[in-house]
Structure formats: C-alpha cells, structure tokens
Amino acid sequence: MKKNKYLILSCITILSFIIALQAIPLVNCLTTTINDGQNDVVEMTGLFPSGKGDFINEIDIVKLDIDGQKFNLTLGGDLESISFMHSWIEVEVMIFETYNTSKSAWDQKQYGMMYYPYTDYKVEFYWFEPTTMGYSHWGWDNDTLSFDQNTALADEVGSISANVITFEVPTLGEGLVILDNFTFIVETTYGNWMQNQSWYYDCMPDQYAEYNYLGGGIPGYGIFIMLGAMFGITAIIIKKRLK
C-alpha cells in the first residue's frame with residue numbers, strides 16, 4: 001500500500017514539474033538569412049537619392065546570416081582592397097529589441113555592430129543611449145562585460161575576410177541575447193572627400209532606408225546626425241592628410 005502511495009506521489013511530482021516547465025517562457029534564438037537585391041546602391045545628392053545601380057560594390061549589401069549570437073554580413077566587394085586615402089566607408093548592423101515603423105532607425109537606435117573610420121575600421125559592438133540631441137555611443141568592453149562611454153575602450157567582437165564581416169554579439173554581463181522577434185537593419189555608406197556633392201548608400205530591408213522618412217517635408221534629426229557624422233569624418237581625414 002505504501003509503495004502505491006509513493007508511486008502516485010512520484011507521478012504527481014513529475015507531472016507538476018513538467019507543467020511548470022511548460023509555463024516558463026523559452027528563449028527563442030534566431031537562425032535566418034536576410035537577402036538584399038544586387039546593384040541597388042543609391043547615389044545620394046545632399047539629402048535625396050539621385051539614382052540607383054551598380055555603384056561601389058564594397059557597400060552593396062548581399063545578405064545577413066544570423067545563427068543565434070553569430071552574424072555574417074556579406075557585401076558585394078572586397079573591403080580589404082579599399083584604399084582610405086581619399087575615401088571612407090561605414091557599415092552598421094542595427095539591432096532593435098522593439099522597433100517603431102513610423103520612425104527612422106536613426107531616431108531610435110538601440111544596439112549595433114559598427115565598422116567606421118572612428119573605430120579605426122575594427123568590428124565593434126555598441127549600445128546607444130538616447131539623449132536630447134540624439135544618442136551617445138557606448139562601446140562593448142570585454143574586461144568589464146559592459147558598455148563603456150569611453151569608446152576608446154571598445155573591444156573587437158569580430159573580423160573581416162574579403163567581403164564578409166563576421167561578428168558575435170556578447171551575452172555575458174550587460175550583453176544582449178538575440179531573439180527571434182528582434183528587428184535587424186543594415187546600412188552602408190561610402191564617400192570621397194574630394195567629391196563634395198555625391199555619396200552612396202545601401203539599406204536592407206529597403207523599406208527602412210533613411211530617405212523614405214523624408215516624406216517631402218523637413219527630415220528628422222536622424223538624417224542630420226548621419227550627414228553631420230559623415231562631414232565630420234571627412235574633415236578629420238582632410239586634416240590628417242594635410243599634416
């Protein structure tokens with residue numbers, strides 16, 4: 001009789017444990033590939049697009065492969081072959097835990113991989129803190145497992161091989177676990193400091209392109225931040241060349 005009671009009690013305990021496990025929300029990691037059209041780089045004159053086509057293969061986005069925390073971004077040209085003597089390039093994979101489709105990505109930045117002149121063309125990961133004038137950059141620090149406002153302390157989270165940027169989003173400490181309901185936007189830009197009018201831009205998915213938010217009216221502060229950053233980078237490059 002006692003054995004039967006123990007058996008029934010054991011069954012009830014096991015059943016309760018299974019039910020409890022089912023009630024716990026599971027972390028859904030993401031495995032997917034986001035593809036982009038080819039030869040769709042936009043030539044920009046000032047704030048507005050003036051043409052689309054086979055421009056600057058090095059910023060022509062091909063696809064973004066995501067496997068949990070690991071990302072592979074494939075571009076149309078060899079990044080390692082670019083000479084930055086007279087030009088600059090920016091590549092960013094923006095990651096959003098939540099995304100407002102009525103706003104520009106630049107007006108709601110949260111996390112992102114950055115490959116920029118002011119990262120010395122290293123693959124780094126950033127958190128963006130909202131401010132009254134936009135946002136500030138906080139770079140990932142492997143030593144503290146947190147984001148540090150001193151971007152000089154930012155550590156590399158990936159590498160480049162020809163036309164592929166590979167990186168892994170950190171999870172420890174203040175890191176970020178990539179879930180399947182996140183929004184991902186890739187933006188690339190290219191400019192030449194000897195050409196003042198035109199610059200080049202690609203975005204994936206296309207509907208999130210910055211110029212789509214102009215709406216024929218006055219642009220949000222996001223587009224001005226982007227242009228200001230580019231012109232600032234150009235000024236820095238010119239200053240270095242003149243020394």
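The structure presented is a predicted model; accordingly, all values stated were derived computationally and were not measured.

What counts and what doesn't
- Residues numbered from 1 in each chain as written.
- Predicted model: local features only at pLDDT ≥ 70, side-chain atom pairs only at ≥ 80, totals over all residues.
- Heavy atoms only, no water.
- Pairing = 2+ DSSP bridges.
- Helix = DSSP H or I, 4+ residues; strand = E, 2+ residues; numbered from the N terminus.
- Axes fitted to C-alpha atoms, helices over the stretch in contact; angles between N-to-C directions.
- Buried < 20%, exposed > 50% of the residue type's maximum accessible area, 1.4 Å probe, protein only.
- Polar contact = N/O pair within 3.5 Å; in protein donor to acceptor, adjacent residues only side chain to side chain.
- Contact = heavy atoms within 4.5 Å.
- pLDDT = per-residue confidence, 0-100.

A. Representation of the sheet that holds strand β14 (residues 198-204) within the structure. Read across the sheet, nine strands follow the order β3-β2-β14-β13-β6-β7-β8-β9-β10 without closing on themselves; strand pairing throughout is antiparallel. Unpaired on one side and paired on the other, β3 (48-53) and β10 (146-148) mark the two borders of the sheet. Strand-to-strand twist across the sheet, computed as the mean angle between neighbouring axes with direction ignored, equals 30 degrees. Here strand β6 (residues 87-96) runs beside strand β7 (residues 111-115); their pairing, made up of five bridges, is antiparallel. Bridge pairing in β7 links isoleucine 95 to tyrosine 111.

B. Spotlight on the sheet that holds strand β1 (residues 31-35). Pairing in this open sheet of five strands is antiparallel, and the strands run β1-β4-β5-β12-β11 from one edge to the other. Unpaired on one side and paired on the other, β1 and β11 (158-161) mark the two borders of the sheet. When the angles between neighbouring strand axes are averaged without regard to direction, this sheet yields 10 degrees. Relative to strand β4 (residues 61-67), β1 runs antiparallel, the two being bridged by five bridges. Bridging across to β4, asparagine 35 finds its partner in lysine 63.

C. Examining the pairing of strand β13 (residues 183-192) more closely. The element β13 is largely enclosed, with a buried count of 10 among its 10 residues. Relative to β14, β13 runs antiparallel, the two being bridged by five bridges. By the bridge assignment, threonine 189 is partnered in β14 with tyrosine 201.

D. Highlighting the environment of serine 102. Locating serine 102 in the fold gives a position in the loop between β6 and β7. Within the structure, serine 102 has its side chain in polar contact with the side chain of asparagine 100 (distance 2.7 Å).

E. The arrangement of the side chain of glutamine 108 in detail. Relative to the elements of secondary structure, glutamine 108 occurs in the loop between β6 and β7. Overall, the relative accessible area of 12% leaves glutamine 108 in the buried class. For glutamine 108, the side chain forms a polar contact with the main-chain oxygen of asparagine 100, separated by 2.8 Å. Side-chain polar atoms of glutamine 108 contact the backbone oxygen of lysine 103, separated by 3.2 Å. Setting aside chain neighbours within four positions, we find glutamine 108 in contact with Phe96, Thr98, Tyr99, Asn100 and Lys103.

F. Representation of the pairing of β3 in the model. Summarising the sheet, strand β2 (residues 41-45) and β3 pair through five bridges and their orientation is antiparallel. Its bridge partner lying in β3, glutamate 43 is registered against glycine 51. Here β2 hands over to β3 after two residues, with glycine 46 in that stretch at a positive phi of 65 degrees.

G. Structural detail: the environment of tyrosine 200. Relative to the helices and strands, tyrosine 200 resides in strand β14. When its relative accessible area of 12% is taken as the criterion, tyrosine 200 is described as buried. Considering only alpha carbons, one finds tyrosine 200 and lysine 52, 148 residues apart in sequence, at a separation of 9.3 Å. With sequence-adjacent residues up to four places away left out, tyrosine 200 is seen in contact with Val41, Val42, Glu43, Phe55, Ile56, Ile59, Thr188, Thr189 and Tyr190. At a separation of 3.2 Å, a polar atom in the side chain of tyrosine 200 contacts the side chain of glutamate 43.

H. Broad picture of the confidence of the model for the protein chain. Counting all residues, the mean pLDDT for the protein chain is 78, and 72% of those residues have values of 70 or more. In the model, residues 5-9 has pLDDT below 50 throughout and makes zero contacts with residues more than four positions away in sequence or in other chains.

I. Region of the structure containing unusual backbone geometry. Note that the residue after methionine 204, namely proline 205, is joined by a cis bond; omega there is -5 degrees. Along the chain, proline 205 falls in the loop between β14 and α2 (221-242). Unusually for a residue other than glycine, asparagine 39 sits at a positive phi of about 55 degrees. Looking at asparagine 39, the relative accessible area reads 40%, which means it is partly exposed. One non-glycine residue with positive phi stands out, namely alanine 162, at about 60 degrees. On the secondary structure map, alanine 162 appears in the loop between β11 and β12 (164-168).

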